[in-house]
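Understanding the architecture of this molecule
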Amino acid sequence: MLTIACSNDRAVFLKDLGIKGKKFTDTAGEKLKQAAALPEKKTIGKDTDLPIKGKLGTEVWLTSDDLILPDGKPATYPIQVEILEVYKPKDMILNGISTVTDRGMLSTAGQIKITAFKDAKELKLSKSNDLIIAFPAANGVDQKMGLFYGVEKDGNVIKWLPADTTGKNLPLYPDRDGYTAFPSQIGWINCDKLIDSPGPFTNINFVSEYPEIKNINIFLYFPDMKSVVKVNNGSLDPVPIGSKVKIIAISITDKDEWYSFLAETRVQEKQTIEIKLVSTSKDDLLKFLDSL
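Just so you know, these numbers come straight off a predicted model, no measurement behind them.

**Side note on the layout of surface pockets**
Roughly 1,000 Å³ of internal volume is contained in the largest pocket. The wall of the largest pocket is formed by 45 residues, among which Ser 98, Ile 158, Lys 230, Val 231 and Asn 232 lie closest to the centre. Looking at the lining of the largest pocket, the elements with two or more residues in it are helix 1 (28–34), helix 2 (89–94), strand 8 (100–101), strand 9 (104–118), strand 14 (156–162), strand 19 (217–222), strand 20 (227–231) and strand 21 (235–240). Counting residues per element, the lining of the largest pocket draws most heavily on strand 21, at 5 residues.

**Examining the pattern of salt bridges**
Following the criterion strictly, the structure yields 13 salt bridges and no others. The residue Asp 256 makes a salt bridge to Lys 31 at a minimum N-O spacing of 3.4 Å. With Asp 256 in the loop between strand 22 (244–252) and strand 23 (258–266) and Lys 31 in helix 1, the pair connects residues that are 225 residues apart, well separated along the chain. Classification of Lys 31 as partly exposed rests on a relative accessible area of 22%. Here Lys 244 makes a salt bridge to Glu 264, at a shortest N to O gap of 3.5 Å. Pair noted here: Lys 244 is in strand 22 and Glu 264 is in strand 23, with a separation of 20 residues, a long-range link.

**Focus: the environment of Glu 152**
Tracing the sequence through the fold places Glu 152 in strand 13 (residues 146–153). Glu 152 gets classed as partly exposed once you look at its relative accessible area, which sits at 37%. Considered as a pair, Glu 152 and Ile 97 are 55 residues apart in the sequence and their alpha carbons are 10 Å apart. Among all residues touching Glu 152, those that are not within four sequence positions of it are Lys 113, Val 157 and Trp 188.

**Details of the sheet that holds strand 23**
Remark on secondary structure: sheet strands pair via backbone hydrogen bonds, oriented parallel or antiparallel. If you walk across this open sheet you meet the 5 strands as 20-19-22-23-25, and the pairing is antiparallel. The sheet terminates laterally at strand 20 and strand 25 (278–280), the two strands that pair on one side only. For this sheet the average axis-to-axis angle between neighbouring strands, irrespective of direction, equals 30°. Alignment of strand 19 against strand 22, held across 5 bridges, turns out to be antiparallel. Considered in strand 22, the bridge of Leu 220 is made with Ile 247. Against the sheet, helix 3 (residues 282–290) makes contact with strand 22, strand 23 and strand 25, and its axis sits at roughly 25° relative to strand 23, the strand it touches most.

**Notes on the confidence of the model for the protein chain**
Predicted confidence across the protein chain gives a mean pLDDT of 90, with 92% of residues reaching 70 or more. Predicted confidence is poor over residues 1–15, with pLDDT under 50, and the contacts of this stretch with residues over four places away or in other chains come to 40 contacts.

What counts and how
- Residues numbered from 1 in each chain as written.
- Predicted model: local features only at pLDDT ≥ 70, side-chain atom pairs only at ≥ 80, totals over all residues.
- Heavy atoms only, no water.
- 1 Å grid on protein atoms, 1.4 Å probe; cavity = no way out; pocket = protein on both sides within 12 Å on 5 of 7 lines; lining within 4 Å.
- Points joined across faces, edges and corners; volume = space filled by probe spheres on them.
- Helix = DSSP H or I, 4+ residues; strand = E, 2+ residues; numbered from the N terminus.
- Salt bridge = Lys/Arg side-chain N within 4 Å of Asp/Glu carboxyl O.
- Buried < 20%, exposed > 50% of the residue type's maximum accessible area, 1.4 Å probe, protein only.
- Contact = heavy atoms within 4.5 Å.
- Pairing = 2+ DSSP bridges.
- Axes fitted to C-alpha atoms, helices over the stretch in contact; angles between N-to-C directions.
- pLDDT = per-residue confidence, 0-100.

See the structure below:
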């Protein structure tokens, strides 16, 4: 990794000679996913096999009675359940997940993805289910956290929607050690809260001489707000002015050569940041992401 220095509102890297001779692809996002942890696979043969326990502390109570086949018929044991735990900024970045909703940025306590199968047929949650999920709280319990569901497009989470919009039937309850959730669906599930910031807000623009912005995966991590945002089309808006942000930009060539741009700064009004990629190794980049 090369050291960077920030001057005013621009992040400046040491010049990496020869980068214009490289062919960068727009498939870096898929290669990042390949570097992410795989879902844990469990076979459930009876109710006493529960709860399903993830390596990072998630517990799931999901029986065959809670599930239905694609044609609406009841599911029966044995069933196969996959659980993917995404609690760290590194895992959110590798999976390409932003913690945002239509109303703004979210502060997250972690996300999981639950899928269930019977003989390779993907199951759905029945309306009369008793699904319970226990989320750990590594950073302490926050009473303002709520439950959100991920909206997917082309296999990617593009935004999060609140599980309850009435305020009358909260599906997430904080307790001493974490959060207990009663979701009405499986798939991507997030324990989040809207970031309470009075503003003022601004936009951040990213530019790159080479390669094109579309071939660079740009993520912003806001450590004080516990929020990860993927930048689309080289611009992000709105962002709270003065917030601390870590910039992670990654691009990969057609020969699987990894390049990155890493910076830390404070958000300034109408900020423009020039990305100048430098050669790095995949292992070094993953170690850096572990440190976030």
